[in-house]
Structures are given as structure tokens and as C-alpha cells.
Amino acid sequence: MRVILMLRPQKKFLEPWIPETSKTFLEELHKEISENHIRYGADLDVIARREDKGKVLYQYKANPDKCVQVHLTWRMDKEKDSKWPKK
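Just so it is clear, the model here is predicted, and its values are computed rather than measured.

Basis of the calculations
- Residues numbered from 1 in each chain as written.
- Predicted model: local features only at pLDDT ≥ 70, side-chain atom pairs only at ≥ 80, totals over all residues.
- Heavy atoms only, no water.
- Salt bridge = Lys/Arg side-chain N within 4 Å of Asp/Glu carboxyl O.
- Helix = DSSP H or I, 4+ residues; strand = E, 2+ residues; numbered from the N terminus.
- Buried < 20%, exposed > 50% of the residue type's maximum accessible area, 1.4 Å probe, protein only.

Draft legend 1. Representation of the pattern of salt bridges. With the rule as written, the count across this model stands at 4 salt bridges. A salt bridge links Lys-61 to Asp-45; the nearest nitrogen and oxygen atoms lie 3.8 Å apart. With Lys-61 in the loop between strand E3 (55-60) and strand E4 (67-71) and Asp-45 in strand E2 (residues 44-50), the pair connects residues that are 16 residues apart, well separated along the chain. Judged by relative accessible area, Lys-61 falls into the partly exposed class, the value being 42%. Between Arg-50 and Asp-52 there is a salt bridge, and its shortest N-O distance comes to 2.7 Å.

This is the structure in C-alpha cells:
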């Protein structure tokens with residue numbers, strides 16, 4: 001059996017953005033996002049993060065031309081206020 005691993009092509013970002021694919025940022029988003037949040041249930045991939053701030057760039061799987069920038073709070077739990085994590 002031959003297995004071929006397909007990696008997403010790396011995009012180039014302007015500083016202070018750097019490419020990112022760690023599932024840690026996706027897992028944290030899912031921990032923080034409440035059912036009332038506008039991004040709840042969105043199927044996203046992590047594509048970049050800022051080195052200087054806690055912002056992460058996510059790309060919609062169904063529409064790769066559409067991205068959203070999110071500021072994670074790193075509460076490790078659901079946010080009570082549906083405006084957080086803030087876009």
C-alpha cells in the first residue's frame with residue numbers, strides 16, 4: 001500500500017504574520033467559541049498567526065478565498081460573551 005501525504009501549499013505573508021498550521025490554534029478556537037458566536041460551527045483551517053499579537057488567521061474550507069482573523073483569549077474554556085473570541 002502506498003500512502004501519499006498531501007500538504008497544503010505554504011502561502012507568503014507580510015510581517016508580522018507567519019505561516020501556521022498547528023492544530024493548537026484550531027483546538028483553542030473550538031474551546032473558546034460559544035454556540036451564540038458568529039463563527040460557531042464554521043469549518044476552518046489555521047493558515048497564519050501574528051508574531052507580535054495573539055491574532056490567528058483562519059481560512060474557510062468550503063471557500064478558500066474567505067478568511068477570518070481572530071484574537072484568541074486563551075481562556076481554555078468557552079467564552080460567556082459571544083463577541084469573544086473577537087474577530
